[in-house]
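What follows is each chain in one-letter form.
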Amino acid sequence: MIFVFDGLDGCGKSTYIRRLQDFYESKGKKVKVFRNPGGTAFGEKIRPITKGKDTPRSGIVDLLTLAANWVDILEQAKTFVEEGYVVLIDRGPMSAYAYQGEMKGLGHFVDIVYDFLIPLYARHRDIIIPKVLFYIDVPYELLYDRLREREDVSNEMYEGKGIEWYNTLRLGYEKFFEETLHKRSYVGSLVRHDDEKLFDSHPIFGRVERISPTDNTKHEHNRLLSFFRETIDKEMGWTDVDSN
């Protein structure tokens, strides 16, 4: 099964995924991790471009490039799922609605790409959709404390910004979360002139789970980690995983 971790930069996605990978591998489970952007040969080529400031391009270029990366990840993830791996993905379409949709004003184009074109392609390619999207919703005060301790934000496109930047991006995440999963897919059908139905709507995630830390303490970090483990164990049908 596929599980996606999403939220604002600094919310802890990569840290939680790394700890989950270490934990499950220590228990003999097979784990595959993809980062997004990145995660594949194609993705790693475009990652420094999409995250950096040095290459001039329009917002639609980023949108389409990152969407291609997402499809590439899902296509490769299918093989791992079929081999019994748990697949953990660091960032997904939810971020597209925040960064390209809300921040760059491309909301309608994001809808077309992620709610119509990609599901249409997935239907014909039998791509597996993620089972759970974990939305890590971190208050600005906690996020700010985390980001100012990081050394890798100065040359990146989005990280290291202030409260207005945070509020705009969070609005994109909130819009995605608050709309039902049925609205997160194209609600109509596409039919050819010979009445062959090409597309029926379906969600792009199995379900969305939202969790919010209350502070940056180790205890709170472990609480979230336990929530992720319990959810993944249940969905994977793992009853032999000791939490110790």
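Residues numbered from 1 in each chain as written. Predicted model: local features only at pLDDT ≥ 70, side-chain atom pairs only at ≥ 80, totals over all residues. Heavy atoms only, no water.

A. Region of the structure containing the overall build of the protein. Of the regular secondary structure elements, the protein holds eight helices and seven strands. Nonlocal contacts in the protein, meaning residues at least 24 apart in sequence, comprise 76% of its contacts between residues at least 6 apart. Summed over all atoms, the accessible surface of the protein reaches about 12,400 Å², with 51% contributed by carbon and sulfur. (Helix = DSSP H or I, 4+ residues; strand = E, 2+ residues; numbered from the N terminus. Contact = heavy atoms within 4.5 Å. Areas by Shrake-Rupley, 256 points an atom, 1.4 Å probe, with all protein chains shown as cover.)

B. Inspection of the nonpolar core at higher detail. With 63 residues, the main nonpolar core has Phe 3, Phe 5, Leu 88, Ile 89, Tyr 114, Phe 228 and Ile 232 as its most contacted residues. No other element matches helix 3 (residues 59–82), which puts nine residues into this core. If we skip the residues at most four places from it in the chain, Ile 89 touches Ile 2, Phe 3, Val 4, Phe 5, Ile 17, Phe 34, Asn 36, Trp 70, Ile 73 and Leu 74. (Core = buried A, V, L, I, M, F, W, Y, C linked by side-chain atoms within 4.5 Å. Buried < 20%, exposed > 50% of the residue type's maximum accessible area, 1.4 Å probe, protein only.)

C. Quick look at the environment of Thr 65. Inspection of the secondary structure assignment puts Thr 65 in helix 3. Spatially, the C-alpha atom of Thr 65 lies 10.0 Å from that of Phe 42, the residues being 23 residues apart in sequence. Residues within four places of Thr 65 in sequence aside, it is in contact with Phe 42, Ile 46 and Thr 50. At a separation of 2.7 Å, a polar atom in the side chain of Thr 65 contacts the main-chain carbonyl oxygen of Val 61. (Polar contact = N/O pair within 3.5 Å; in protein donor to acceptor, adjacent residues only side chain to side chain.)

D. Structural detail: the packing of helix 2 (residues 41–51) against helix 3. At their nearest, the axes of helix 2 and helix 3 sit 10 Å apart, and the two run at 150° to each other. As the angle between them shows, helix 2 and helix 3 are arranged roughly antiparallel. Every pair of crossing elements has a handedness; the one defined by helix 2 and helix 3 is left-handed. In this structure, helix 2 contributes Phe 42, Gly 43, Ile 46 and Thr 50 to the contact, and helix 3 contributes Asp 62, Thr 65, Leu 66, Ala 68, Asn 69 and Asp 72. The class makeup of the residues in the contact of helix 2 with helix 3 is four nonpolar, four polar and two charged. (Axes fitted to C-alpha atoms, helices over the stretch in contact; angles between N-to-C directions. Parallel < 35°, antiparallel > 145°, perpendicular 65-115°, else oblique. Left-handed = near helix turned anticlockwise from the far one by under 90°. Nonpolar A, V, L, I, M, F, W, Y, C, P; charged D, E, K, R; others polar.)

E. Molecular detail of the packing of aromatic side chains. Overall, the coordinates contain 18 aromatic pairs when judged by the stated rule. Pairing Phe 5 with Phe 228 gives two aromatic rings, centres 5.1 Å apart and planes at 75°, and the pair type is edge-to-face. Taken as a pair, Phe 5 in strand 1 (residues 2–6) and Phe 228 in helix 8 (residues 218–236) lie far apart in primary sequence, 223 residues in all. You can call Phe 228 buried: its relative accessible area is 0%. Between the aromatic rings of Phe 34 and Phe 80, the centroid separation amounts to 6.1 Å while the plane-to-plane angle is 75°, which identifies the pairing as edge-to-face. Of this pair, Phe 34 sits in strand 2 (residues 31–35) while Phe 80 sits in helix 3, and the two are 46 residues apart along the sequence. Linked through ring pairs, Phe 3, Phe 5, Tyr 16, Phe 134, Phe 227 and Phe 228 together constitute an aromatic cluster. Stacked on the ring of Phe 34, the Lys or Arg Lys 32 has its end atom at 5.2 Å from the ring centre. We note Arg 210 situated over the ring of Phe 177; from NZ or CZ to the ring centre the distance is 4.8 Å. (Phe/Tyr/Trp six-rings, centres within 6.5 Å; stacked < 30°, edge-to-face > 60°. Lys NZ or Arg CZ within 6 Å of the ring centre and 35° of its normal.)

F. Spatial organisation of helix 7 (residues 163–178). For helix 7, which comprises 16 residues, the first-to-last C-alpha distance of 21 Å matches the rise-based estimate of 22 Å (1.5 Å per residue) to within 8%. Among the residues of helix 7, Tyr 166, Leu 169, Gly 172, Tyr 173, Glu 174 and Phe 176 are the ones counted as buried. Among the structural elements, strand 1, helix 4 (93–103), strand 4 (132–136), helix 6 (140–147) and strand 7 (207–211) are those in contact with the buried residues of helix 7. (Expected span 1.5 Å × (residues − 1).)

G. The pairing of strand 1, seen in detail. Counted residue by residue, strand 1 has five buried out of five residues, so it is predominantly covered. Because side chains alternate across strand 1, one face comprises the buried residues Ile 2, Val 4 and Asp 6, and the other comprises Phe 3 and Phe 5, equally buried. Bridging between strand 1 and strand 3 (residues 86–90) involves four bridges; their strand directions are parallel. If you follow Phe 5 over to strand 3, its bridge partner there is Asp 90. For strand 1 and strand 4, the ladder comprises four bridges, and the chain directions are parallel. Looking at strand 4, one finds that Phe 3 is bridged to Val 132. (Pairing = 2+ DSSP bridges.)

H. Region of interest: the pattern of salt bridges. With the rule as written, the count across this model stands at 16 salt bridges. Measuring nitrogen to oxygen at the nearest pair gives 4.0 Å for the salt bridge that ties Arg 91 to Asp 6. Here Asp 6 lies in strand 1 and Arg 91 lies in the loop between strand 3 and helix 4, a separation of 85 residues in the sequence. Accessibility assignment for this pair places Arg 91 and Asp 6 in one class, buried. Between Arg 35 and Glu 44 there is a salt bridge, with the nearest N and O atoms lying 2.7 Å from each other. A relative accessible area of 38% means that Arg 35 is categorised as partly exposed. Take Glu 44: its relative accessible area is 33%, and that puts it in the partly exposed class. A single salt-bridge network, built from bridges that share partners, covers Asp 137, Arg 170, Glu 174 and Arg 210. (Salt bridge = Lys/Arg side-chain N within 4 Å of Asp/Glu carboxyl O.)

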